[in-house]
Amino acid sequence: MPDDPIVPIDDPRLREPSAAILDIDDDIRALADYMFQVMDRENGAGLAAIQIGVPKRMIVVDVPDRSGRRHRMALINPEILTASATTETNLEGCLSMPGYDLPVERPASVTVRFRDLGGATQELTADGMLAVCLQHEIDHVNGKVFSDRVSRLRREKAKAWFAKVRRAA
Ligand SMILES: [Zn+2]
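Model, not experiment: these values are computed from the prediction.

Looking now at the overall build of the protein chain. In terms of helices and strands, the protein chain carries three helices and seven strands. Helices and strands in the protein chain line up, N terminus first, as α-β-β-β-β-β-β-β-α-α. Its C-alpha atoms give the protein chain a radius of gyration of 15 Å, within 12% of the compact-globule value 15 Å for 169 residues. Across the 169 residues of the protein chain, 46% fall into the buried class. For the protein chain, restricting intrachain contacts to residue pairs at least 6 apart in sequence, the fraction spanning at least 24 positions comes to 64%. About 8800 Å² of surface is accessible on the protein chain, with carbon and sulfur atoms providing 50% of the total. Looking at charge distribution, the protein chain has the averaged site of its 23 positive side-chain charges lying 7 Å from that of its 26 negative ones.

As C-alpha coordinates, this is what we get:
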(Lines give C-alpha, C1' and ligand atoms only; values in the text may rest on other atoms or scores of the structure.)
Protein backbone atom coordinates (compact mmCIF):
# COMPACT_ATOMS: atom_id res chain seq x y z
CA MET A 1 0.00 0.00 0.00
CA PRO A 2 1.45 3.44 0.82
CA ASP A 3 5.01 2.14 0.66
CA ASP A 4 4.71 1.12 -2.99
CA PRO A 5 7.54 2.51 -5.09
CA ILE A 6 7.01 5.41 -7.48
CA VAL A 7 7.31 4.53 -11.18
CA PRO A 8 10.76 5.81 -12.27
CA ILE A 9 11.18 8.44 -14.99
CA ASP A 10 12.66 6.00 -17.52
CA ASP A 11 9.79 3.50 -17.18
CA PRO A 12 7.85 3.06 -20.46
CA ARG A 13 4.54 3.30 -18.55
CA LEU A 14 5.19 7.04 -18.16
CA ARG A 15 5.17 7.42 -21.96
CA GLU A 16 1.57 6.22 -22.45
CA PRO A 17 -1.48 8.51 -22.19
CA SER A 18 -3.72 7.44 -19.31
CA ALA A 19 -7.37 6.43 -19.77
CA ALA A 20 -10.32 8.74 -19.06
CA ILE A 21 -12.26 8.09 -15.85
CA LEU A 22 -15.93 7.55 -16.67
CA ASP A 23 -17.46 6.82 -13.28
CA ILE A 24 -16.39 8.76 -10.23
CA ASP A 25 -17.19 6.09 -7.66
CA ASP A 26 -15.84 4.90 -4.32
CA ASP A 27 -12.91 3.15 -6.03
CA ILE A 28 -11.83 6.43 -7.60
CA ARG A 29 -12.23 8.28 -4.29
CA ALA A 30 -10.14 5.57 -2.58
CA LEU A 31 -7.49 5.96 -5.29
CA ALA A 32 -7.43 9.73 -4.63
CA ASP A 33 -6.99 9.13 -0.88
CA TYR A 34 -4.14 6.77 -1.59
CA MET A 35 -2.49 9.24 -3.99
CA PHE A 36 -2.64 11.98 -1.31
CA GLN A 37 -0.95 9.58 1.12
CA VAL A 38 1.84 8.78 -1.34
CA MET A 39 2.34 12.45 -2.26
CA ASP A 40 2.57 13.40 1.43
CA ARG A 41 4.94 10.52 2.20
CA GLU A 42 7.25 11.69 -0.58
CA ASN A 43 6.88 15.40 0.31
CA GLY A 44 5.66 16.02 -3.23
CA ALA A 45 3.72 18.98 -4.61
CA GLY A 46 1.84 16.80 -7.09
CA LEU A 47 1.35 13.23 -8.25
CA ALA A 48 -0.29 11.60 -11.26
CA ALA A 49 -1.96 8.18 -10.94
CA ILE A 50 0.36 6.66 -13.53
CA GLN A 51 3.29 7.44 -11.21
CA ILE A 52 1.94 4.74 -8.89
CA GLY A 53 1.26 2.51 -11.88
CA VAL A 54 -2.46 3.27 -12.32
CA PRO A 55 -3.11 4.45 -15.91
CA LYS A 56 -6.12 6.63 -15.11
CA ARG A 57 -6.49 10.34 -15.74
CA MET A 58 -6.26 11.64 -12.20
CA ILE A 59 -3.79 13.96 -10.47
CA VAL A 60 -3.47 15.33 -6.96
CA VAL A 61 -1.71 18.57 -6.05
CA ASP A 62 -0.84 20.40 -2.84
CA VAL A 63 0.80 23.65 -3.77
CA PRO A 64 0.34 27.43 -3.40
CA ASP A 65 -0.63 29.84 -6.18
CA ARG A 66 1.15 33.16 -6.71
CA SER A 67 -0.79 34.83 -3.88
CA GLY A 68 0.34 32.11 -1.46
CA ARG A 69 -3.06 30.42 -1.24
CA ARG A 70 -2.64 26.67 -0.87
CA HIS A 71 -4.54 24.33 -3.18
CA ARG A 72 -4.86 20.72 -2.05
CA MET A 73 -7.11 18.92 -4.48
CA ALA A 74 -7.71 15.94 -6.75
CA LEU A 75 -8.42 16.61 -10.44
CA ILE A 76 -10.08 13.97 -12.61
CA ASN A 77 -9.71 14.04 -16.42
CA PRO A 78 -7.86 17.37 -16.21
CA GLU A 79 -7.28 19.29 -19.43
CA ILE A 80 -5.75 22.65 -20.23
CA LEU A 81 -8.34 24.91 -21.88
CA THR A 82 -6.20 28.01 -22.33
CA ALA A 83 -2.62 28.96 -21.62
CA SER A 84 -1.07 32.44 -21.39
CA ALA A 85 1.31 33.58 -24.12
CA THR A 86 3.62 34.77 -21.36
CA THR A 87 5.97 32.07 -20.18
CA GLU A 88 8.07 31.54 -17.09
CA THR A 89 10.99 29.26 -16.38
CA ASN A 90 10.94 27.51 -13.01
CA LEU A 91 12.96 24.75 -11.44
CA GLU A 92 10.81 21.62 -11.32
CA GLY A 93 11.29 18.33 -9.56
CA CYS A 94 9.50 15.06 -10.17
CA LEU A 95 8.79 12.21 -7.74
CA SER A 96 9.76 9.84 -10.57
CA MET A 97 13.28 11.34 -10.53
CA PRO A 98 13.75 12.60 -6.98
CA GLY A 99 16.73 14.81 -6.27
CA TYR A 100 17.20 16.31 -9.74
CA ASP A 101 15.51 19.59 -10.65
CA LEU A 102 15.29 20.91 -14.19
CA PRO A 103 14.51 24.45 -15.41
CA VAL A 104 11.32 24.14 -17.48
CA GLU A 105 9.71 26.94 -19.50
CA ARG A 106 5.90 26.90 -19.50
CA PRO A 107 2.97 29.31 -19.84
CA ALA A 108 2.80 31.49 -16.70
CA SER A 109 -0.92 30.86 -16.23
CA VAL A 110 -3.40 28.26 -17.43
CA THR A 111 -7.09 27.54 -17.19
CA VAL A 112 -7.80 23.91 -16.46
CA ARG A 113 -11.08 21.99 -16.70
CA PHE A 114 -11.56 18.86 -14.61
CA ARG A 115 -14.09 16.90 -12.59
CA ASP A 116 -13.87 16.90 -8.82
CA LEU A 117 -14.34 13.90 -6.51
CA GLY A 118 -18.05 14.67 -6.27
CA GLY A 119 -18.34 14.41 -10.07
CA ALA A 120 -18.88 18.12 -10.74
CA THR A 121 -17.13 19.77 -13.68
CA GLN A 122 -14.97 22.68 -12.60
CA GLU A 123 -12.67 25.24 -14.17
CA LEU A 124 -9.67 26.72 -12.41
CA THR A 125 -7.39 29.52 -13.57
CA ALA A 126 -3.98 29.06 -11.99
CA ASP A 127 -0.73 30.98 -11.75
CA GLY A 128 2.51 30.66 -9.79
CA MET A 129 3.60 27.22 -8.63
CA LEU A 130 0.03 25.97 -8.95
CA ALA A 131 0.19 26.60 -12.72
CA VAL A 132 3.58 24.88 -12.92
CA CYS A 133 2.41 21.88 -10.93
CA LEU A 134 -0.85 21.45 -12.87
CA GLN A 135 0.98 21.54 -16.20
CA HIS A 136 3.64 19.10 -14.96
CA GLU A 137 1.04 16.60 -13.72
CA ILE A 138 -1.22 16.97 -16.79
CA ASP A 139 1.86 16.15 -18.88
CA HIS A 140 2.08 12.84 -16.97
CA VAL A 141 -1.57 12.11 -17.76
CA ASN A 142 -0.72 12.63 -21.44
CA GLY A 143 2.38 10.40 -21.40
CA LYS A 144 4.91 13.23 -21.24
CA VAL A 145 7.60 13.95 -18.65
CA PHE A 146 9.30 17.22 -17.68
CA SER A 147 12.64 16.24 -19.15
CA ASP A 148 10.95 16.23 -22.60
CA ARG A 149 10.67 20.01 -22.20
CA VAL A 150 14.34 20.88 -21.72
CA SER A 151 17.28 20.99 -24.12
CA ARG A 152 18.77 17.73 -25.34
CA LEU A 153 21.97 18.47 -23.43
CA ARG A 154 20.11 18.92 -20.13
CA ARG A 155 18.02 15.83 -20.86
CA GLU A 156 21.12 13.69 -21.52
CA LYS A 157 22.77 14.94 -18.34
CA ALA A 158 19.66 14.13 -16.31
CA LYS A 159 19.46 10.69 -17.89
CA ALA A 160 23.11 9.92 -17.10
CA TRP A 161 22.65 11.12 -13.50
CA PHE A 162 19.56 9.00 -13.05
CA ALA A 163 21.19 5.89 -14.50
CA LYS A 164 24.04 6.31 -12.02
CA VAL A 165 21.70 6.79 -9.05
CA ARG A 166 19.70 3.73 -10.08
CA ARG A 167 22.83 1.59 -10.36
CA ALA A 168 23.94 2.71 -6.90
CA ALA A 169 20.54 1.95 -5.35
ZN1 LIG B 1 6.50 14.34 -12.38
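To continue, consider the sheet that holds strand 7 (residues 121-126). Ordered by their spatial adjacency, five strands build an open sheet running 1-2-3-6-7, and the pairing between neighbours is antiparallel. Strands with a single pairing partner mark the edges of an open sheet, and in this sheet they are strand 1 (46-48) and strand 7. Strand-to-strand, the axes of this sheet are offset by a mean angle of 40 degrees, without reference to chain direction. Taken strand by strand, helix 1 (residues 26-41) contacts strand 1, strand 2 (58-64) and strand 3 (70-83), and its axis lies near 45 degrees from that of strand 2.

Here helix 2 (residues 128-141) is 14 residues long and its end C-alpha atoms lie 21 Å apart, about the 20 Å a rise of 1.5 Å per residue gives. Within helix 2, 13 of the 14 residues are buried, which leaves the element mostly enclosed by the surrounding structure. After helix 2 finishes, the residue G143 shows a positive phi value of roughly 80 degrees.

Let us look at the pattern of salt bridges. As enumerated under the stated definition, the model contains 15 salt bridges in all. The partner of E88 in a salt bridge is R66, and the shortest N-O contact between them spans 3.1 Å. In this pair, E88 is assigned in strand 4 (residues 87-92) and R66 in the loop between strand 2 and strand 3, connecting sequence segments 22 residues apart. Judged by relative accessible area, E88 falls into the partly exposed class, the value being 26%. The exposure class assigned to R66 is partly exposed, which follows from its relative accessible area of 48%. In this structure, the salt-bridge partner of R106 is E92, at a minimum N-O distance of 2.7 Å. Pair noted here: R106 is in strand 5 (residues 102-107) and E92 is in strand 4, with a separation of 14 residues, a long-range link.

With that out of the way, let us pick up the coordination of the zinc ion. Coordination of the zinc ion by the protein is provided by C94 (SG), H136 (NE2) and H140 (NE2), with metal-donor distances spanning 2.0 to 2.2 Å. The sequence motif formed by the donor residues of the zinc ion is C-x41-H-x3-H. Residue H136 and its partner H140 are located together in helix 2, separated by four residues, close to a single helical turn. For the residue pair H136 and H140, the accessibility class agrees, reading buried in each case.

Moving on to the nonpolar core. Core analysis: the largest hydrophobic core is formed by 31 residues, its most contacted members being I59, V61, L75, M97, L102 and L134. At the level of secondary structure, the elements contributing two or more residues to this core comprise strand 2, strand 3, strand 5, strand 6 (110-115), strand 7, helix 2 and helix 3 (152-168). Of the residues forming this core, the biggest block, six residues, is contributed by helix 2. If we skip the residues at most four places from it in the chain, V61 touches F36, M39, A45, G46, H71, R72, M73, L75, L130, C133, L134 and E137. I6, I28, L31 and F36 belong to the second-largest nonpolar core, a separate cluster that totals 19 residues.

The rules behind these values
- Residues numbered from 1 in each chain as written.
- Predicted model: local features only at pLDDT ≥ 70, side-chain atom pairs only at ≥ 80, totals over all residues.
- Heavy atoms only, no water.
- Helix = DSSP H or I, 4+ residues; strand = E, 2+ residues; numbered from the N terminus.
- Rg over C-alpha atoms; globule rule 2.2 N^0.38 Å.
- Buried < 20%, exposed > 50% of the residue type's maximum accessible area, 1.4 Å probe, protein only.
- Contact = heavy atoms within 4.5 Å.
- Areas by Shrake-Rupley, 256 points an atom, 1.4 Å probe, with all protein chains shown as cover.
- Lys, Arg positive; Asp, Glu negative; His and termini not counted.
- Charge placed at Lys NZ, Arg CZ, Asp CG, Glu CD.
- Pairing = 2+ DSSP bridges.
- Axes fitted to C-alpha atoms, helices over the stretch in contact; angles between N-to-C directions.
- Expected span 1.5 Å × (residues − 1).
- Salt bridge = Lys/Arg side-chain N within 4 Å of Asp/Glu carboxyl O.
- Donors = N, O, S within 2.8 Å, 3.2 Å for Na, K, Ca; no water.
- Core = buried A, V, L, I, M, F, W, Y, C linked by side-chain atoms within 4.5 Å.

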